[in-house]
Amino acid sequence: MASLLALLSSMLWGTSDFEGGRLSKKHAPLAVLGYSQVLGLVFGLVLMLFSGAWHADAFGEGGYLIPGIFAGLLGYFGLFCLYAGLSTGRMGVVSPISSMGAVVPLTYALINGDRLSTITSIGVVLALVGVFCASGPELSQGLPIRPLLLALGAAFGFGTALTSMSIGAQSSALMTMVSMRGATFFVTVGLALKFRTLGGFSKKEYPSLVFIGIADFLANVLLGVACNKGLVSIAMVLGSLFPIATALLAFKFLHERLQKVQYIGIALAVTGVALISAF
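Undergrad: Can you walk me through the pattern of salt bridges in this structure?
TA: Scanning the model with the defined rule gives three salt bridges in all. Notably, a salt bridge pairs Glu19 with Arg22, separated by 2.9 Å at the nearest N-O pair. In this pair, Glu19 and Arg22 both sit in helix α1 (residues 2–23), three residues apart, roughly one turn of the helix. The class for Arg22 is partly exposed, based on a relative accessible area of 28%.

Pasting the structure below:
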């Protein structure tokens, strides 16, 4: 069950990132990010009210509030870097490097007691290498500095945010995500006041913004639940497969050609997932 939840999380993340990257080609990445974060908060508050999740411990050892705030701010930084990088048109540079952020929570989980069998460890390595290759690294024209720096920023933001998220989820996955969106809400409002703009979105684009906000929120919740139901290390690796969904959607709807290395990467990632799930 934990593996299935983590895989579903990666699908939702990959889809929301595709939509976010697509909208960021027309609008400021901060505007896309801000709207989606606020809409995610509204969705999270509704879930909180209906589920009664607010009874979870917010403070003290194992509390969700502080890790949630850190995860929200770090994830906000990572998403901004990702959307800004994707908007440059070099998805093949930004997406694979950003996916390597999974190494941070994986290392944290292993240091704190997770133990993997030899077969599962091989699956983890194959999945990580696969998702990197499946994103289609664009090395033929060199490695441009700006997309590279944005990709590294996204990897750092995602990795540290996921680590904080896994800590808060021990108390409550849902309330950790609400705390994340609560923290980013104030950042979003501050930026909107500073730049005096709401992004200039058309009515036709609001459904996409709603989808991005809800899908991203659900992806976080599902991954948090997966961390509680299974090994954190495995959940984080499977949750990091989101660039595959982004690449496939870009192939389908933006007619971006898949390179040979991407086909190889998808095969490696699927093999890795199979080994992890079987053993």
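Here the narrative resumes.
Undergrad: Got a minute to help me understand the packing of aromatic side chains in this structure?
TA: For any pair of aromatic rings, the description consists of the separation of the ring centres together with the inter-plane angle of the planes. For the structure shown, the criterion picks out seven aromatic pairs. Pairing Trp13 with Phe242 gives two aromatic rings, centres 6.2 Å apart and planes at 65 degrees, and the pair type is edge-to-face. In this pair, Trp13 sits in helix α1 while Phe242 sits in helix α11 (residues 242–253), placing the two residues 229 residues apart along the sequence. Exposure remark for Trp13: the relative accessible area of 10% places this residue in the buried category.

Undergrad: Mind showing me how you'd approach helix α7 (residues 145–168) here?
TA: The terminal C-alpha atoms of α7, which comprises 24 residues, lie 35 Å apart, in line with the 34 Å expected from a rise of 1.5 Å per residue. Along α7, 18 of the 24 residues are buried, which leaves the element largely enclosed by surrounding structure.

Undergrad: What exactly am I supposed to notice about the nonpolar core here?
TA: Soluble, globular proteins show a tendency: their nonpolar side chains are buried together. Formed by 66 residues in total, the largest nonpolar core has its most connected members in Leu82 and Leu223. Ignoring anything within four residues of it in the chain, the contact list for Leu82 reads Asp17, Val94, Ser98, Ala154 and Phe158.

Undergrad: Is there a simple way to explain the side chain of Ser240 in this structure?
TA: Structurally, Ser240 can be placed in the loop between α10 (232–239) and α11. The exposure class assigned to Ser240 is buried, which follows from its relative accessible area of 3%. A polar side-chain atom of Ser240 sits 2.5 Å from the main-chain carbonyl oxygen of Val237. Aside from chain neighbours lying at most four places away, what touches Ser240 is Ser99, Ala102, Leu128 and Val131.

Undergrad: Explain the environment of Phe251 here, please?
TA: Relative to the helices and strands, Phe251 is located in helix α11. Sequence separation between Phe251 and Gly157 is 94 residues; the distance between their C-alpha atoms is 26 Å. Residue contacts for Phe251: discarding those within four places in its chain leaves Glu256, Arg257 and Leu258.

Undergrad: Looking at this structure, how should I read α10?
TA: Three or four residues apart is the spacing at which side chains of an α-helix point the same way, because the helix has 3.6 residues per turn. For α10, the buried fraction is high: eight of the eight residues fall into the buried class. Of all the positions in α10, only Val232, Ser233, Ile234, Ala235, Met236, Val237, Leu238 and Gly239 are classed as buried.

Undergrad: Is there a simple way to think about empty space enclosed by the protein in this case?
TA: Using a probe with the size of a water molecule, rolled over the atoms, empty space left in the structure can be pinpointed. In this structure the tally under the stated criterion is two cavities of 30 Å³ or more. Each pocket or cavity is described by its volume, and for the largest cavity that value is around 250 Å³. Lining the largest cavity are 22 residues, with Trp13, Phe158, Leu162, Asp216 and Asn220 sitting closest to its centre. For the lining of the largest cavity, the secondary structure elements donating two or more residues are α1, α3 (65–86), α4 (91–99), α7, α8 (173–195) and α9 (206–229). Counted as a void, the second largest cavity has a volume near 40 Å³. Every element with two or more residues in the lining of the second largest cavity is listed here: α2 (29–51), α3 and α9. Of the residues in the lining of the second largest cavity, the class split is four nonpolar, three polar and two charged.

Criteria and cut-off values
- Sequence order as written defines residue numbering, which begins from 1 separately in each chain.
- Residue-level local features of this predicted model are given only where pLDDT is at least 70; pairs of side-chain atoms are given and counted only at 80 or more, and the full residue set underlies all totals for whole chains, interfaces and linings.
- Computation of side-chain values: all heavy atoms of the structure, hydrogens and water removed.
- Any Lys or Arg side-chain nitrogen located within 4 Å of an Asp or Glu carboxyl oxygen qualifies as a salt bridge.
- Here a strand is any run of E in DSSP of at least two residues, a helix any run of H or I of at least four, and the numbering for each starts at the N terminus.
- Three labels apply to residues, based on accessible area from a 1.4 Å probe with only protein chains included: buried if under 20% of the type maximum, exposed if over 50%, partly exposed otherwise in between.
- Note on aromatic contacts: the rings of Phe and Tyr and the six-membered ring of Trp form a pair at centre separations within 6.5 Å, being stacked when their planes are under 30 degrees apart, edge-to-face when over 60 apart, and tilted otherwise.
- Here the expected length of a helix is defined as 1.5 Å per residue gap, with one fewer gap than residues.
- Here, nonpolar core means buried Ala, Val, Leu, Ile, Met, Phe, Trp, Tyr and Cys residues that are tied together by side-chain atoms lying within 4.5 Å of each other.
- Residue contacts are defined here by distance: any two heavy atoms, one from each residue, within 4.5 Å place the two residues in contact.
- N or O atoms within 3.5 Å of each other form a polar contact, as long as, within protein, one can give a hydrogen and the other can take it, and as long as residues adjacent in sequence are counted only when both atoms are side-chain atoms.
- Buriedness of a pocket was judged along seven lines, with at least five required to meet protein on both sides within 12 Å; pockets are open sets of points on a 1 Å grid over the protein atoms alone, cavities are sets where a 1.4 Å probe fits but cannot get out, and lining residues have an atom within 4 Å of a point.
- Grid points are joined across faces, edges and corners, and a volume is the space filled by probe spheres set on the points.
- Polarity classes work like this: nonpolar for Ala, Val, Leu, Ile, Met, Phe, Trp, Tyr, Cys and Pro, charged for Asp, Glu, Lys and Arg, and polar for all others, with Gly in that last group.

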